[in-house]
Amino acid sequence: MPPPARIPLLVLGFAALILAILGGLARLGLNPPLPAAMPMDAALAFHGPLMVAAFFGTVIGLERAVAAGHLPGYLAPLCSGLGGVLLLAGAPPAAAGGLLLAGAAGLALLAWQFHRRQRAPWLLPPLYGALAACAAHAAWLAGLPVPAVVGGWLAFLVLTIAGERQEMSRLLPPSPRAARLFHLPVTLVLAGAALLPILWRPGAAALGAGLFLLALWLGRQDIARRNLGARGLTRFVAVSLMGGYLWLAAAGLLLPFADPGGLLYDAALHAAMLGFVFAMVFGHAPIIFPAVLRTPVPYSPLFYGHLSLLHLTLAVRLAGDLAGNHGWRALGGAGNALALLLFLVMTIGSVVRGRFQKSA
Ligand code: HEM
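Residues numbered from 1 in each chain as written. Predicted model: local features only at pLDDT ≥ 70, side-chain atom pairs only at ≥ 80, totals over all residues.

Colleague: An account of the overall build of the protein is needed here, citing residue identities and associated values.
Modeller: In terms of helices and strands, the protein carries 14 helices and zero strands. Each helix (α) and strand (β) of the protein, taken in turn from the N terminus, gives the series α-α-α-α-α-α-α-α-α-α-α-α-α-α. The C-alpha atoms of the protein give a radius of gyration of 19 Å, which matches the 21 Å a tight globule of 360 residues would have. In terms of overall dimensions, the protein has a C-alpha envelope of 50 × 50 × 40 Å along the principal axes. (Helix = DSSP H or I, 4+ residues; strand = E, 2+ residues; numbered from the N terminus. Rg over C-alpha atoms; globule rule 2.2 N^0.38 Å.)

Colleague: Break down the nonpolar core for me, with residues and values.
Modeller: In terms of nonpolar packing, the biggest core is built from 116 residues, with Ala132, Val158, Val189, Leu211, Ala251 and Ala272 touching the most fellow members. Looking at this core element by element, the count peaks at 14 residues for helix α12 (residues 263-293). (Core = buried A, V, L, I, M, F, W, Y, C linked by C-beta atoms within 7 Å. Buried ≥ 20, exposed ≤ 12 C-beta atoms within 10 Å, placed from the backbone.)

Colleague: Got a sec to walk through the site of the ligand? Specific residues and values, please.
Modeller: Neighbouring the ligand are 25 residues; Gly24, Arg27, Gly48, Met51 and Met273 lie closest to it. Broken down by secondary-structure element, the contributors of at least two residues to the shell around the ligand are α1 (3-27), α3 (47-68), α7 (146-168), α12 and α14 (326-359). Take the shell around the ligand: its biggest share by element is seven residues, from α12. Across the shell around the ligand, the residue classes tally to 16 nonpolar, seven polar and two charged. (Near = placed C-beta within 6 Å. Nonpolar A, V, L, I, M, F, W, Y, C, P; charged D, E, K, R; others polar.)

Colleague: Tell me about the environment of Tyr74, and name the residues and values.
Modeller: Relative to the helices and strands, Tyr74 resides in the loop between α3 and α4 (75-88). Taking C-alpha positions, Tyr74 is 8.6 Å from Arg64, a pair spaced ten residues apart along the chain. Residues contacting Tyr74, with those up to four places away along its chain left out, are Met1 and Ala65. (Contact = placed C-beta atoms within 7 Å.)

Colleague: Give me the packing of α3 against α12: which residues, what numbers.
Modeller: Think of two packed helices as two axes; the pair is described by the angle between the axes and how far apart they sit. Closest axis-to-axis distance for the α3/α12 pair is 10 Å, and the angle between their directions is 55°. Classified by the interaxial angle, the pair formed by α3 and α12 is oblique. Of the two possible hands of crossing, α3 and α12 adopt the one that is left-handed. Facing α3, whose interface residues are Leu62, Glu63 and Val66, α12 presents Ile288, Ala291 and Val292. Tallied by class, residues from the contact of α3 with α12 come to five nonpolar, no polar and one charged. (Axes fitted to C-alpha atoms, helices over the stretch in contact; angles between N-to-C directions. Parallel < 35°, antiparallel > 145°, perpendicular 65-115°, else oblique. Left-handed = near helix turned anticlockwise from the far one by under 90°.)

Colleague: Tell me what's going on with helix α6 (residues 124-141), and back it up with residues and numbers.
Modeller: For α6, spanning 18 residues, the distance from its first C-alpha to its last is 26 Å, which sits close to the expected 26 Å at 1.5 Å a residue. In terms of burial, α6 is largely enclosed, as 15 of its 18 residues are buried. Where α6 terminates, the next one or two residues include Gly143, which has phi positive at roughly 110°. (Expected span 1.5 Å × (residues − 1).)

Colleague: Any details on unusual backbone geometry? Residues and values, ideally.
Modeller: Non-glycine residue Arg119 carries a positive phi angle of around 50°. Examined against the element boundaries, Arg119 turns out to sit in the loop between α5 (93-118) and α6. Positioned with a positive phi, Arg294 is a non-glycine residue whose angle comes to about 55°. Tracing the chain through its elements places Arg294 in the loop between α12 and α13 (303-323).

Colleague: Describe the environment of Arg165, with residues and values.
Modeller: Topologically, Arg165 is positioned in helix α7. According to the C-beta neighbour criterion, Arg165 is buried, with 22 such atoms within 10 Å. As a C-alpha pair, Arg165 and Leu25 span 140 residues in sequence and 31 Å in three-dimensional space. In this view, Arg165 contacts Leu218 and Asp222; residues no more than four positions away in its chain are not counted.

Following this line, the structure appears as C-alpha coordinates:
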(Lines give C-alpha, C1' and ligand atoms only; values in the text may rest on other atoms or scores of the structure.)
Protein backbone atom coordinates (compact mmCIF):
# COMPACT_ATOMS: atom_id res chain seq x y z
CA MET A 1 0.00 0.00 0.00
CA PRO A 2 1.55 3.38 -0.97
CA PRO A 3 2.29 5.73 1.98
CA PRO A 4 -0.52 8.29 1.19
CA ALA A 5 -3.09 5.46 1.30
CA ARG A 6 -2.01 4.74 4.89
CA ILE A 7 -3.06 8.21 6.05
CA PRO A 8 -6.81 7.39 6.47
CA LEU A 9 -5.85 4.55 8.80
CA LEU A 10 -3.72 6.92 10.88
CA VAL A 11 -6.61 9.40 10.93
CA LEU A 12 -8.94 6.68 12.28
CA GLY A 13 -6.42 5.84 14.99
CA PHE A 14 -5.77 9.44 16.01
CA ALA A 15 -9.48 10.31 16.00
CA ALA A 16 -9.94 7.51 18.55
CA LEU A 17 -7.04 8.94 20.59
CA ILE A 18 -8.46 12.47 20.65
CA LEU A 19 -11.94 11.31 21.63
CA ALA A 20 -10.48 8.99 24.25
CA ILE A 21 -8.56 11.93 25.73
CA LEU A 22 -11.77 13.99 25.85
CA GLY A 23 -13.54 11.00 27.45
CA GLY A 24 -10.76 10.78 30.06
CA LEU A 25 -11.17 14.49 30.86
CA ALA A 26 -14.93 14.03 31.18
CA ARG A 27 -14.31 11.18 33.65
CA LEU A 28 -12.38 13.65 35.78
CA GLY A 29 -15.36 16.01 35.70
CA LEU A 30 -13.59 18.36 33.29
CA ASN A 31 -15.97 18.84 30.43
CA PRO A 32 -14.35 20.93 27.71
CA PRO A 33 -16.90 23.09 25.80
CA LEU A 34 -17.51 21.07 22.65
CA PRO A 35 -20.18 20.96 19.90
CA ALA A 36 -23.21 18.94 21.02
CA ALA A 37 -22.71 16.62 18.04
CA MET A 38 -19.49 15.21 19.57
CA PRO A 39 -20.09 11.62 20.81
CA MET A 40 -19.04 12.54 24.35
CA ASP A 41 -21.16 9.92 26.14
CA ALA A 42 -19.49 7.14 24.17
CA ALA A 43 -16.06 8.74 24.57
CA LEU A 44 -16.57 8.80 28.35
CA ALA A 45 -17.97 5.27 28.58
CA PHE A 46 -15.35 3.73 26.27
CA HIS A 47 -12.26 5.74 27.23
CA GLY A 48 -10.17 2.61 27.99
CA PRO A 49 -11.22 0.49 24.95
CA LEU A 50 -10.79 3.52 22.65
CA MET A 51 -7.25 4.13 23.91
CA VAL A 52 -6.05 0.53 23.91
CA ALA A 53 -8.08 -1.39 21.32
CA ALA A 54 -8.92 1.37 18.83
CA PHE A 55 -5.94 3.77 18.98
CA PHE A 56 -3.09 1.38 19.81
CA GLY A 57 -4.72 -1.49 17.88
CA THR A 58 -4.75 0.73 14.78
CA VAL A 59 -1.29 2.32 15.01
CA ILE A 60 0.54 -0.84 16.10
CA GLY A 61 -1.38 -2.79 13.42
CA LEU A 62 -0.42 -0.22 10.80
CA GLU A 63 3.25 -0.32 11.75
CA ARG A 64 3.21 -4.14 11.59
CA ALA A 65 1.33 -4.17 8.26
CA VAL A 66 3.92 -1.82 6.72
CA ALA A 67 6.70 -4.12 7.96
CA ALA A 68 4.88 -7.21 6.59
CA GLY A 69 4.55 -5.52 3.20
CA HIS A 70 1.38 -7.31 2.03
CA LEU A 71 -2.07 -5.85 1.45
CA PRO A 72 -4.10 -8.28 3.64
CA GLY A 73 -1.95 -7.18 6.60
CA TYR A 74 -3.73 -3.80 6.50
CA LEU A 75 -7.02 -5.48 7.43
CA ALA A 76 -5.79 -5.60 11.04
CA PRO A 77 -5.49 -1.79 11.53
CA LEU A 78 -8.60 -1.25 9.38
CA CYS A 79 -10.72 -3.45 11.66
CA SER A 80 -9.34 -1.77 14.82
CA GLY A 81 -9.90 1.72 13.39
CA LEU A 82 -13.45 0.95 12.25
CA GLY A 83 -14.20 -0.75 15.57
CA GLY A 84 -13.37 2.56 17.28
CA VAL A 85 -15.69 4.46 14.91
CA LEU A 86 -18.53 2.03 15.65
CA LEU A 87 -17.97 2.34 19.41
CA LEU A 88 -18.27 6.11 19.13
CA ALA A 89 -21.24 5.89 16.79
CA GLY A 90 -23.18 3.92 19.40
CA ALA A 91 -23.33 0.73 17.31
CA PRO A 92 -24.23 -2.51 19.14
CA PRO A 93 -21.22 -3.54 21.28
CA ALA A 94 -21.12 -6.91 19.48
CA ALA A 95 -20.39 -5.19 16.14
CA ALA A 96 -17.82 -2.71 17.50
CA GLY A 97 -16.21 -5.22 19.85
CA GLY A 98 -16.22 -7.86 17.10
CA LEU A 99 -14.24 -5.56 14.80
CA LEU A 100 -11.78 -4.69 17.59
CA LEU A 101 -11.33 -8.40 18.23
CA ALA A 102 -10.81 -9.05 14.51
CA GLY A 103 -8.15 -6.30 14.49
CA ALA A 104 -6.32 -7.93 17.41
CA ALA A 105 -6.59 -11.35 15.74
CA GLY A 106 -5.09 -9.86 12.56
CA LEU A 107 -2.24 -8.42 14.62
CA ALA A 108 -1.64 -11.83 16.24
CA LEU A 109 -1.55 -13.41 12.78
CA LEU A 110 1.01 -10.86 11.60
CA ALA A 111 3.10 -11.41 14.75
CA TRP A 112 2.98 -15.18 14.17
CA GLN A 113 4.06 -14.74 10.53
CA PHE A 114 7.04 -12.60 11.64
CA HIS A 115 8.00 -15.19 14.22
CA ARG A 116 7.68 -18.11 11.79
CA ARG A 117 9.82 -16.27 9.22
CA GLN A 118 12.64 -15.19 11.51
CA ARG A 119 12.37 -17.07 14.84
CA ALA A 120 14.21 -14.26 16.67
CA PRO A 121 13.66 -14.02 20.46
CA TRP A 122 12.28 -10.47 20.23
CA LEU A 123 9.40 -11.62 18.03
CA LEU A 124 7.80 -13.75 20.76
CA PRO A 125 6.72 -11.03 23.27
CA PRO A 126 4.67 -9.14 20.65
CA LEU A 127 3.00 -12.41 19.67
CA TYR A 128 2.10 -13.11 23.32
CA GLY A 129 0.96 -9.48 23.65
CA ALA A 130 -1.33 -9.72 20.62
CA LEU A 131 -2.79 -13.01 21.92
CA ALA A 132 -3.38 -11.35 25.30
CA ALA A 133 -5.21 -8.52 23.48
CA CYS A 134 -7.41 -11.10 21.68
CA ALA A 135 -8.29 -12.77 24.99
CA ALA A 136 -8.99 -9.42 26.71
CA HIS A 137 -11.11 -8.05 23.82
CA ALA A 138 -13.07 -11.34 23.68
CA ALA A 139 -13.69 -11.25 27.45
CA TRP A 140 -14.81 -7.61 27.24
CA LEU A 141 -17.07 -8.47 24.32
CA ALA A 142 -18.54 -11.29 26.42
CA GLY A 143 -19.50 -8.71 29.05
CA LEU A 144 -16.64 -8.73 31.57
CA PRO A 145 -16.00 -5.28 33.08
CA VAL A 146 -12.88 -3.31 32.11
CA PRO A 147 -10.96 -3.90 35.39
CA ALA A 148 -11.22 -7.66 34.78
CA VAL A 149 -9.69 -7.47 31.29
CA VAL A 150 -7.30 -4.58 31.77
CA GLY A 151 -4.44 -6.99 32.58
CA GLY A 152 -4.66 -8.38 29.04
CA TRP A 153 -4.55 -4.84 27.63
CA LEU A 154 -1.51 -4.03 29.76
CA ALA A 155 0.17 -7.25 28.60
CA PHE A 156 -0.59 -6.29 24.98
CA LEU A 157 1.05 -2.86 25.21
CA VAL A 158 3.93 -3.75 27.50
CA LEU A 159 4.99 -6.96 25.71
CA THR A 160 4.72 -5.33 22.27
CA ILE A 161 7.07 -2.57 23.42
CA ALA A 162 9.41 -5.02 25.19
CA GLY A 163 9.82 -6.93 21.90
CA GLU A 164 10.48 -3.71 19.95
CA ARG A 165 13.14 -2.65 22.46
CA GLN A 166 14.83 -6.05 22.38
CA GLU A 167 14.97 -5.80 18.61
CA MET A 168 16.36 -2.26 18.69
CA SER A 169 18.98 -3.34 21.26
CA ARG A 170 20.04 -6.44 19.29
CA LEU A 171 23.53 -5.04 18.66
CA LEU A 172 24.09 -5.50 22.40
CA PRO A 173 22.41 -8.89 23.02
CA PRO A 174 21.79 -9.97 26.64
CA SER A 175 23.99 -12.67 28.21
CA PRO A 176 22.46 -16.20 28.06
CA ARG A 177 21.58 -15.84 31.77
CA ALA A 178 19.85 -12.49 31.24
CA ALA A 179 18.03 -13.91 28.21
CA ARG A 180 16.72 -16.77 30.39
CA LEU A 181 15.75 -14.34 33.16
CA PHE A 182 13.57 -12.39 30.71
CA HIS A 183 11.07 -15.28 30.73
CA LEU A 184 10.22 -14.63 34.38
CA PRO A 185 8.58 -11.17 34.00
CA VAL A 186 6.88 -12.24 30.76
CA THR A 187 5.38 -15.30 32.50
CA LEU A 188 4.31 -13.21 35.50
CA VAL A 189 2.66 -10.57 33.28
CA LEU A 190 0.72 -13.20 31.33
CA ALA A 191 -0.22 -15.24 34.41
CA GLY A 192 -1.30 -12.08 36.28
CA ALA A 193 -3.44 -10.93 33.35
CA ALA A 194 -5.10 -14.37 33.18
CA LEU A 195 -5.75 -14.48 36.95
CA LEU A 196 -7.12 -10.94 37.27
CA PRO A 197 -10.74 -11.71 36.22
CA ILE A 198 -10.98 -14.68 38.60
CA LEU A 199 -8.81 -13.71 41.59
CA TRP A 200 -8.11 -9.98 41.59
CA ARG A 201 -5.55 -9.75 44.43
CA PRO A 202 -3.20 -12.62 43.36
CA GLY A 203 -3.60 -11.53 39.72
CA ALA A 204 -2.68 -7.93 40.53
CA ALA A 205 0.29 -9.14 42.62
CA ALA A 206 1.65 -11.33 39.79
CA LEU A 207 1.03 -8.67 37.15
CA GLY A 208 2.61 -5.98 39.34
CA ALA A 209 5.68 -8.16 40.01
CA GLY A 210 5.96 -8.88 36.27
CA LEU A 211 5.78 -5.19 35.33
CA PHE A 212 8.34 -4.26 37.99
CA LEU A 213 10.82 -6.98 36.96
CA LEU A 214 10.31 -6.17 33.28
CA ALA A 215 11.16 -2.52 34.00
CA LEU A 216 14.35 -3.60 35.79
CA TRP A 217 15.29 -5.97 32.98
CA LEU A 218 14.67 -3.45 30.20
CA GLY A 219 16.29 -0.60 32.14
CA ARG A 220 19.44 -2.67 32.49
CA GLN A 221 19.57 -4.37 29.08
CA ASP A 222 18.27 -1.63 26.79
CA ILE A 223 20.90 0.01 24.61
CA ALA A 224 19.23 3.31 25.61
CA ARG A 225 21.08 3.25 28.96
CA ARG A 226 24.38 3.67 27.09
CA ASN A 227 22.92 6.38 24.89
CA LEU A 228 22.08 8.77 27.72
CA GLY A 229 25.42 10.49 27.15
CA ALA A 230 24.83 10.86 23.38
CA ARG A 231 23.45 13.97 21.68
CA GLY A 232 20.41 15.00 19.66
CA LEU A 233 17.76 12.43 18.75
CA THR A 234 19.74 9.46 20.18
CA ARG A 235 19.81 11.14 23.60
CA PHE A 236 16.13 12.15 23.38
CA VAL A 237 15.13 8.54 22.66
CA ALA A 238 17.29 7.30 25.55
CA VAL A 239 15.87 9.86 28.01
CA SER A 240 12.29 9.01 26.93
CA LEU A 241 12.85 5.30 27.39
CA MET A 242 14.63 5.45 30.74
CA GLY A 243 11.88 7.73 32.13
CA GLY A 244 9.31 5.27 30.80
CA TYR A 245 10.99 2.37 32.64
CA LEU A 246 10.73 4.31 35.92
CA TRP A 247 6.96 4.70 35.42
CA LEU A 248 6.64 1.01 34.56
CA ALA A 249 8.44 0.10 37.79
CA ALA A 250 6.11 2.47 39.70
CA ALA A 251 3.06 0.81 38.10
CA GLY A 252 4.40 -2.58 39.16
CA LEU A 253 4.79 -1.40 42.76
CA LEU A 254 1.30 0.17 42.94
CA LEU A 255 -0.79 -2.50 41.21
CA PRO A 256 -0.70 -5.17 43.96
CA PHE A 257 -2.35 -2.68 46.37
CA ALA A 258 -4.99 -1.44 43.91
CA ASP A 259 -8.71 -2.23 44.07
CA PRO A 260 -10.67 -2.39 40.78
CA GLY A 261 -11.79 1.11 39.84
CA GLY A 262 -10.11 2.75 42.87
CA LEU A 263 -7.58 5.57 43.07
CA LEU A 264 -4.55 3.27 43.16
CA TYR A 265 -5.98 1.48 40.13
CA ASP A 266 -6.06 4.81 38.30
CA ALA A 267 -2.49 5.52 39.45
CA ALA A 268 -1.09 2.11 38.45
CA LEU A 269 -2.92 2.00 35.10
CA HIS A 270 -1.84 5.45 34.04
CA ALA A 271 1.74 5.08 35.33
CA ALA A 272 1.97 2.15 32.88
CA MET A 273 -0.27 3.32 30.03
CA LEU A 274 0.63 7.01 30.01
CA GLY A 275 4.00 7.18 31.75
CA PHE A 276 5.56 4.10 30.20
CA VAL A 277 3.63 3.62 26.96
CA PHE A 278 3.47 7.28 25.91
CA ALA A 279 7.11 7.95 26.88
CA MET A 280 7.90 5.12 24.41
CA VAL A 281 5.59 6.65 21.79
CA PHE A 282 7.23 10.08 22.20
CA GLY A 283 10.70 8.52 21.94
CA HIS A 284 9.91 6.33 18.95
CA ALA A 285 7.74 8.75 16.96
CA PRO A 286 10.70 10.38 15.13
CA ILE A 287 11.79 6.87 14.04
CA ILE A 288 8.45 5.13 13.37
CA PHE A 289 6.54 7.92 11.58
CA PRO A 290 9.20 8.15 8.83
CA ALA A 291 9.01 4.36 8.37
CA VAL A 292 5.19 4.37 8.13
CA LEU A 293 4.64 7.56 6.11
CA ARG A 294 7.98 7.78 4.28
CA THR A 295 8.27 11.35 5.45
CA PRO A 296 11.00 12.74 7.72
CA VAL A 297 10.20 13.88 11.27
CA PRO A 298 13.27 16.04 12.04
CA TYR A 299 14.29 16.05 15.69
CA SER A 300 13.95 19.28 17.66
CA PRO A 301 15.11 19.95 21.26
CA LEU A 302 11.55 21.29 21.76
CA PHE A 303 10.47 17.61 21.94
CA TYR A 304 11.68 17.74 25.55
CA GLY A 305 8.73 20.10 26.15
CA HIS A 306 5.98 17.51 25.75
CA LEU A 307 8.10 14.80 27.37
CA SER A 308 8.72 16.90 30.51
CA LEU A 309 5.08 17.97 30.62
CA LEU A 310 3.98 14.33 30.53
CA HIS A 311 6.27 13.36 33.43
CA LEU A 312 5.45 16.42 35.50
CA THR A 313 1.67 16.24 35.12
CA LEU A 314 1.61 12.48 35.65
CA ALA A 315 3.51 12.99 38.91
CA VAL A 316 0.84 15.54 39.97
CA ARG A 317 -1.95 13.12 39.02
CA LEU A 318 -0.39 10.23 40.92
CA ALA A 319 0.21 12.47 43.95
CA GLY A 320 -3.52 13.32 43.78
CA ASP A 321 -4.42 9.62 43.57
CA LEU A 322 -2.19 8.70 46.48
CA ALA A 323 -3.33 11.60 48.67
CA GLY A 324 -7.01 11.23 47.66
CA ASN A 325 -6.92 14.85 46.46
CA HIS A 326 -9.32 15.25 43.53
CA GLY A 327 -8.02 18.72 42.64
CA TRP A 328 -4.46 17.49 42.01
CA ARG A 329 -5.78 14.44 40.21
CA ALA A 330 -7.87 16.58 37.85
CA LEU A 331 -5.06 19.12 37.37
CA GLY A 332 -2.64 16.29 36.55
CA GLY A 333 -5.17 14.67 34.19
CA ALA A 334 -5.73 17.94 32.33
CA GLY A 335 -1.94 18.32 32.07
CA ASN A 336 -1.67 14.75 30.72
CA ALA A 337 -4.16 15.66 27.99
CA LEU A 338 -2.17 18.82 27.20
CA ALA A 339 1.07 16.81 26.95
CA LEU A 340 -0.52 14.42 24.44
CA LEU A 341 -1.97 17.27 22.39
CA LEU A 342 1.37 19.12 22.44
CA PHE A 343 3.04 15.93 21.20
CA LEU A 344 0.59 15.77 18.27
CA VAL A 345 1.15 19.45 17.41
CA MET A 346 4.94 19.14 17.64
CA THR A 347 5.00 15.98 15.53
CA ILE A 348 2.77 17.46 12.80
CA GLY A 349 4.88 20.65 12.90
CA SER A 350 8.01 18.56 12.48
CA VAL A 351 6.55 16.65 9.52
CA VAL A 352 5.73 19.98 7.83
CA ARG A 353 9.24 21.29 8.58
CA GLY A 354 10.73 18.07 7.17
CA ARG A 355 8.72 18.49 3.94
CA PHE A 356 9.93 22.09 3.53
CA GLN A 357 13.52 21.08 4.16
CA LYS A 358 13.16 18.26 1.59
CA SER A 359 11.73 20.51 -1.11
CA ALA A 360 14.17 23.42 -0.40
C1 HEM B 1 -5.13 12.26 28.58
C2 HEM B 1 -4.92 11.52 29.48
C3 HEM B 1 -5.87 10.63 30.25
C4 HEM B 1 -6.86 10.99 31.11
C5 HEM B 1 -7.27 12.39 31.50
C6 HEM B 1 -7.45 9.76 31.62
C7 HEM B 1 -8.45 9.67 32.56
C8 HEM B 1 -8.96 8.52 33.08
C9 HEM B 1 -9.89 8.42 34.18
C10 HEM B 1 -10.40 9.60 34.98
C11 HEM B 1 -10.18 7.13 34.38
C12 HEM B 1 -11.13 6.53 35.40
C13 HEM B 1 -10.32 5.98 36.54
C14 HEM B 1 -11.20 5.54 37.63
O15 HEM B 1 -11.96 4.55 37.42
O16 HEM B 1 -11.14 6.16 38.68
C17 HEM B 1 -9.43 6.36 33.40
C18 HEM B 1 -9.47 5.00 33.27
C19 HEM B 1 -8.77 4.30 32.33
N20 HEM B 1 -7.86 4.81 31.44
FE21 HEM B 1 -7.33 6.75 31.25
N22 HEM B 1 -6.82 8.70 31.01
C23 HEM B 1 -5.86 9.19 30.18
C24 HEM B 1 -5.00 8.46 29.39
C25 HEM B 1 -5.08 7.11 29.19
C26 HEM B 1 -4.27 6.33 28.29
C27 HEM B 1 -3.16 6.91 27.43
C28 HEM B 1 -4.70 5.04 28.36
C29 HEM B 1 -4.24 3.83 27.61
C30 HEM B 1 -3.23 3.75 26.78
C31 HEM B 1 -5.77 4.99 29.32
C32 HEM B 1 -6.48 3.86 29.66
C33 HEM B 1 -7.40 3.78 30.66
C34 HEM B 1 -8.08 2.56 31.05
C35 HEM B 1 -7.88 1.19 30.41
C36 HEM B 1 -8.91 2.89 32.08
C37 HEM B 1 -9.84 1.94 32.86
C38 HEM B 1 -11.22 2.20 32.37
C39 HEM B 1 -12.25 1.53 33.23
O40 HEM B 1 -11.94 0.95 34.29
O41 HEM B 1 -13.42 1.59 32.77
N42 HEM B 1 -5.98 6.26 29.80
N43 HEM B 1 -8.70 7.24 32.64
